[in-house]
Amino acid sequence: MHDLAQAAANFINLDAATLIYLFLVGFVGGLVSGFIGSGGAFVLTPGMMSMGVPGLVAVASNMCHKFPKALVGAIKRAKYGQVDVKLGLVLGISAEAGVLYGAHIQEQIKKTFGDAGSNLYVSVSFVVVLAIVGIFVLRDAWKTYKAGNANAEEKITKIAKWVQSVNIPGTMVYFKSLDARISILFTLPLGFATGMLAATIAVGGFVGVPSMIYVLGAPSLMASATELVIAFVMGLGGSFKYALHGLVDIRLAMIILAGSLFGIQLGAMGTTYVKPFMIKVVMGLIMVIVLFSRALMVPVYMSQLGMIGSITAETTKILKTASFGIMIFALALGAFIVLRAMWQGRREERLQNAMEAVNIGKI
Amino acid sequence: MSSHENRTKKKPIGMMVLTGIISAGLYAALLMNQDLLNMNFARGGLYAFLPIITAFVFSFIHGSFTGHFWTVLGIEAARKKMEVK
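Being a predicted model, the structure only gives us computed values, none of them experimental.

Caption draft 1: Geometry of the overall build of chain A. Summing up its helical and strand segments, chain A has 12 helices and 2 strands in all. In chain A, the order of α-helices and β-strands from amino to carboxyl end is α-α-α-α-α-α-β-β-α-α-α-α-α-α. Against the 2.2 N^0.38 benchmark of 21 Å for 363 residues, chain A shows a C-alpha radius of gyration of 21 Å, consistent with a compact globule. C-alpha extents for chain A along the principal axes are approximately 70 × 55 × 40 Å. Every one of the 363 residues in chain A was classed for burial, and the buried ones make up 53%.

Rendered as structure tokens:
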């Protein structure tokens, strides 16, 4: 652990520009997290690294801002009746195991193939998972929108119906978000996969939320809110693990938290103004855009590993900048949609209130 | 309670100012003692509890402040909550 301890000694100096940058990215990340249950980490971690923060310190500090943020978001959304604490804890505990296993695989890959191998693994995981899940989620949201039944109650999928119909004695647990008893044997692999993804690409919610919706049959709003409980459990365990090695830069974590707690409150409130399928729209869009961002980096790492011809330093720089730019765009677009939906929802609510007042003769 | 009554509810300005001051104090302490924090929080082992406890304290105080902040600005959840089972 000596190298880790050394990394901890490399805590950067904070100037005003860094503080403002971290606060703003924290705010936007928090806004998206409050709405879809996760997000922000995929910009924050590389963002910190671009400021000179060592990779492990960036991951650790990001995690240490994630769990208190998720806690505040979960409490807020619990007030709106959107959180299934039991499901969150059950998935969160198995996710913790997934995080540990995912981190172990990462270490092995890094040991065998070096930094480029590890980066390639992360990028390919990003592209494959986000391509499958992101396109599926977006397609579903699009179908709902096109069918004109965005206001209708969400229908559960055939898989979820089957999962809810299987009875394995001794493993059945009732979850209020599903309004059904399901076997814990189904939640274990889903939680584990969420954790593994969190350890690999830092955003476990990209698997956690869709699996709660499509595999278990939870409504979108409850799935995204319950993800905050999972993020809290995973983040707390992960932060402690990193803190044991002295890798958490508490200043970075708390400054990001300063912005993200403004954002998460707003994102959580935003969910009360929108139709449930908007959760899928925002999540699917972010996933697909981020996919392109990571795909740009794949040739760079492949060239570093000698799998393809060499790429010039200039091209590498352009690809890196474009990749980071696209990630920021994805997050900003997500935030824009959330704010716009909230703005429209508030306007509609005001109109409705005015109409009601007219109807009952108050005006 | 009607939405009209809800809207005339007193805004938590006092709480916002109080939690805001405490939160600002916490952040001032954080930024003014950077060397001390870096030295102790990165020691590892049992010192791992320090960043965890700090995160909980900040989330409690700053989280309350940000909640009151949006309420005072008049930004709140929809009155008619989404029907969620």
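Picking up after the structure, the text goes on.
Caption draft 2: Up close: the nonpolar core. With 121 residues, the main nonpolar core has A:Leu130, A:Phe232, A:Val248, A:Ala253, A:Val282, A:Met287 and A:Val290 as its most contacted residues. Apart from the residues lying within four places of it in its own chain, the contact partners of A:Val248 are A:Ala60, A:Ser61, A:Cys64, A:Ser239, A:Tyr242, A:Ala243, A:Ala253, B:Phe41 and B:Pro51.

Caption draft 3: Just the packing of helix 5 (residues 85–147) of chain A against helix 8 (residues 205–216) of chain A, in detail. Residue and element names in this part refer to chain A. For the pair helix 5 and helix 8, interaxial distance at closest approach is 5 Å and the crossing angle is 30°. With respect to helix 8, the element helix 5 is oriented roughly parallel. When the axes of helix 5 and helix 8 are compared, the crossing they make is left-handed. Touching Leu-91, Val-129, Leu-130, Val-133 and Val-137 of helix 5 are Phe-206, Val-207, Gly-208 and Pro-210, all from helix 8. Tallied by class, the residues present in the contact of helix 5 with helix 8 amount to 8 nonpolar, 1 polar and no charged.

Caption draft 4: Looking closely at helix 7 (residues 184–201) of chain A. Taking 1.5 Å of rise per residue, 18 residues should cover 26 Å, and helix 7 of chain A covers 26 Å from first to last C-alpha, within 8% of that figure. Within helix 7 of chain A, 13 of the 18 residues are buried, which leaves the element mostly enclosed by the surrounding structure.

Caption draft 5: Spotlight on the interface of chain A and chain B. With 38 residues of chain A at the interface, the matching set in chain B holds 33 residues. Secondary structure elements with two or more residues in the side of chain A that touches chain B: helix 1 (2–9), helix 4 (55–79), helix 9 (220–244), helix 10 (250–270) and helix 12 (313–359) of chain A. With 11 residues, the top contributor of residues to the side of chain A that touches chain B is helix 10 of chain A.

Caption draft 6: Here's a closer look at the confidence of the model for chain A. On average, chain A scores 89 in pLDDT, and the residues at 70 or more come to 96%. At the level of individual helices and strands, chain A shows its lowest average pLDDT in helix 1 of chain A, which scores 51, and its highest in strand 1 (residues 172–175) of chain A, which scores 97.

What counts, and where the lines are drawn
- Residues numbered from 1 in each chain as written.
- Chains lettered and ligands numbered in written order.
- Predicted model: local features only at pLDDT ≥ 70, side-chain atom pairs only at ≥ 80, totals over all residues.
- Helix = DSSP H or I, 4+ residues; strand = E, 2+ residues; numbered from the N terminus.
- Rg over C-alpha atoms; globule rule 2.2 N^0.38 Å.
- Buried ≥ 20, exposed ≤ 12 C-beta atoms within 10 Å, placed from the backbone.
- Core = buried A, V, L, I, M, F, W, Y, C linked by C-beta atoms within 7 Å.
- Contact = placed C-beta atoms within 7 Å.
- Axes fitted to C-alpha atoms, helices over the stretch in contact; angles between N-to-C directions.
- Parallel < 35°, antiparallel > 145°, perpendicular 65-115°, else oblique.
- Left-handed = near helix turned anticlockwise from the far one by under 90°.
- Nonpolar A, V, L, I, M, F, W, Y, C, P; charged D, E, K, R; others polar.
- Expected span 1.5 Å × (residues − 1).
- pLDDT = per-residue confidence, 0-100.

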